[in-house]
Protein chains: 2
Amino acid sequence: MNLSNTSQYAIRILAYMADKQDSTLINATMLADALIIPYKFLTKIMTELVKANLVVSIRGRDGGYQLKKVASEIKVDDILYIFNDNISDKQCLLGIGVCNKLCKCSMHDQWMKPKLQLQKMFQESSLADIAGEGSKI
Amino acid sequence: MNLSNTSQYAIRILAYMADKQDSTLINATMLADALIIPYKFLTKIMTELVKANLVVSIRGRDGGYQLKKVASEIKVDDILYIFNDNISDKQCLLGIGVCNKLCKCSMHDQWMKPKLQLQKMFQESSLADIAGEGSKI
DNA sequence: AGTAATTACTACTTAAAGGTAGTATTAATT
DNA sequence: AATTAATACTACCTTTAAGTAGTAATTACT
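S.K.: Can you walk me through the protein's contact with DNA strand C in this structure?
M.R.: Surveying the vicinity of DNA strand C reveals 26 residues, the closest of which are Pro38(A), Lys40(A), Lys44(A), Gly60(A) and Ser57(B). Among all atoms of DNA strand C positioned within 4 Å of the protein, those belonging to sugar or phosphate total 63%. Gly60(A) places a main-chain nitrogen or oxygen 3.3 Å from a base oxygen of DNA strand C. Ser57(B) places a side-chain nitrogen or oxygen 2.7 Å from a phosphate oxygen of DNA strand C.

S.K.: In this structure, what is going on with the protein's contact with DNA strand D? I would like to understand it.
M.R.: Looking at DNA strand D, there are 25 residues lining it, with Ala28(A), Ser57(A), Lys40(B), Lys44(B) and Gly60(B) nearest. Near the protein, meaning within 4 Å, the atoms of DNA strand D are sugar or phosphate in a fraction of 66%, with bases accounting for the rest. Interatomic distance of 3.4 Å between a side-chain N/O atom of Tyr65(A) and a phosphate oxygen of DNA strand D. Between DNA strand D and Asp62(B), the relevant distance is 3.3 Å, taken from a sugar or linking oxygen to a side-chain nitrogen or oxygen of the residue. The set of elements that each furnish at least two residues to the surface near DNA strand D consists of α3 (39-51), β1 (55-58) and β2 (64-67) of chain A together with α1 (5-19) and α3 (39-51) of chain B.

S.K.: Before we go on, may I ask you to explain the interface of chain B and chain A in this structure?
M.R.: Quite often, the size of an interface is put as the accessible area lost when its parts meet. Opposite the 37 residues of chain B that make contact, chain A presents 37 residues. By the criterion of area lost to chain A, the three top residues of chain B are Met1(B), Gln117(B) and Lys136(B), representing 25% of everything that side buries. Across the chain B-chain A interface, the total number found is zero salt bridges. At the junction of chain B with chain A, the criterion picks out 10 residue pairs in polar contact (both at pLDDT 80 or more). Secondary-structure elements contributing two or more residues to the side of chain B that touches chain A are α1, α5 (108-124) and α6 (127-130) of chain B. Ranked by residues supplied to the side of chain B that touches chain A, first place goes to α5(B) with eight residues. A per-class count over the side of chain B that touches chain A returns 22 nonpolar, nine polar and six charged.

S.K.: Looking at this structure, I do not really get the relation of the copies chain B and chain A. What am I missing?
M.R.: Superposition of chain B onto chain A requires a rotation of 180° combined with a translation of 0.0 Å along the rotation axis, giving an RMSD of 0.0 Å. What the rotation and shift describe, once combined, is the action of a two-fold rotation axis. A symmetric contact is evident, with 100% of the interface residues of chain B recurring at the interface of chain A.

S.K.: Looking at this structure, I do not really get helix α2 (residues 28-35) of chain B. What am I missing?
M.R.: An α-helix turns once every 3.6 residues. As a result, residues three or four positions apart point the same way. Residue and element names in this part refer to chain B. When α2 is considered as a whole, its buried residues turn out to be Ala-28, Leu-31, Ala-32 and Leu-35. For α2, the angular spread of the buried residues around the axis is 95°, confining them to a single face. Elements in contact with the buried residues of α2: α1, α3 and β2 (64-67). Its side-chain oxygen at 3.1 Å from the backbone nitrogen of Thr-29, Asn-27 defines the N-terminal cap of α2. A positive phi of about 55° marks Ile-36, the residue just after α2.

S.K.: I keep staring at the pairing of strand β1 (residues 55-58) of chain B and nothing clicks. Help me out?
M.R.: Regular strands place their side chains on alternate faces of the sheet. Residue and element names in this part refer to chain B. Inspection of the sheet shows β1 paired to β2 by four bridges, in the antiparallel sense. Residue pairing for β2: Val-55 is matched across the bridge by Leu-67. Between the end of β1 and the start of β2, which pair antiparallel, lie five residues, with Gly-60 showing a positive phi angle near 85°.

S.K.: Which parts of the structure should I look at to understand the packing of helix α2 (residues 28-35) of chain A against α3(A)?
M.R.: Pairs of packed helices are described in terms of their axes, by the angle between the two and the distance that separates them. All names here are of chain A. Direction vectors running N to C along α2 and α3 enclose 120°, while the axes themselves pass 9 Å from each other. Relative to α3, α2 is oriented oblique. As for how α2 packs across α3, the hand of that crossing is right-handed. Side by side, α2 and α3 meet where Ala-28, Thr-29, Leu-31 and Ala-32 of the first sit next to Tyr-39, Leu-42, Thr-43 and Met-46 of the second. Of the residues that constitute the contact of α2 with α3, the class distribution is six nonpolar, two polar and no charged.

So, how was this worked out
- Residues numbered from 1 in each chain as written.
- Chains lettered and ligands numbered in written order.
- Predicted model: local features only at pLDDT ≥ 70, side-chain atom pairs only at ≥ 80, totals over all residues.
- Heavy atoms only, no water.
- Near = heavy atom within 4 Å.
- Polar contact = N/O pair within 3.5 Å; in protein donor to acceptor, adjacent residues only side chain to side chain.
- Helix = DSSP H or I, 4+ residues; strand = E, 2+ residues; numbered from the N terminus.
- Contact = heavy atoms within 4.5 Å.
- Buried area = accessible area lost by both parts, 1.4 Å probe.
- Salt bridge = Lys/Arg side-chain N within 4 Å of Asp/Glu carboxyl O.
- Nonpolar A, V, L, I, M, F, W, Y, C, P; charged D, E, K, R; others polar.
- Least-squares fit on C-alpha atoms with pLDDT ≥ 70 in both.
- Buried < 20%, exposed > 50% of the residue type's maximum accessible area, 1.4 Å probe, protein only.
- Arc of directions from axis to C-beta.
- Pairing = 2+ DSSP bridges.
- Axes fitted to C-alpha atoms, helices over the stretch in contact; angles between N-to-C directions.
- Parallel < 35°, antiparallel > 145°, perpendicular 65-115°, else oblique.
- Left-handed = near helix turned anticlockwise from the far one by under 90°.

Rendered as structure tokens:
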């Protein structure tokens, strides 16, 4: 039970960008070096973040990336959603199609409480909440 | 954020076996048919469960499988552990090595509470707790 | 002893995630 | 206009998870 590599990278990238809001643009080389993420893989992720409207890109010389919204408006859940890594309501912990009150998998009841808490955490945590504070990047 | 196919299958298999405790042995064909899991993949998983000491196998004609312990003694966390799918304490949500109070990733604090609740749920839920009750199998 | 029914083992194939390489496009600077 | 530095695109390669196939080993029954 864990996040995909891609989601982990994306969260770290965006949290780093939120932390460096002062400098208008950050380019892929800077991000890849700072976060120790393979450059080519990072640019692939950046393009997805641009398409998902979380990031704006400026092409050409002196180009780079910046957040499209203020940090407090970008939630971790928004990031996970892009990479299909969020916790959906219907999704069954045991993978038996759709799970709900009427048609439960055997772990439905036990899963309910931690699931809601996880969802809440992802939905309420913004980049502003997680950026900075001298944490690992 | 989800369990691997293999873990999902394993939980379903063991919950089903716990539910059918009356019939001493259950063979791979019965399990594969009942749970709609590919037969060959299921036997592979069963062999791992035997090696992990959760299941006993009887080889040869009229052979099959049965739980090695009583259902209440087998926790979901024990199953996830086998397939490296449990939630370890050290494991960092963002994949930046080891995460702890002294050396935190940016989501460490937010992750702590849901993580503990998830761990607790997996560690406290036994096959006896999740088997039966007319749930999907 | 032979047959049938079962698990165990070994090896392979397929699909998805993770990662890399090269080229096209864009735009500022000279 | 040419050069340079950046993102975007397309295609490929590598690794891991998921699934399949065939055979060996084991054991009850006849």
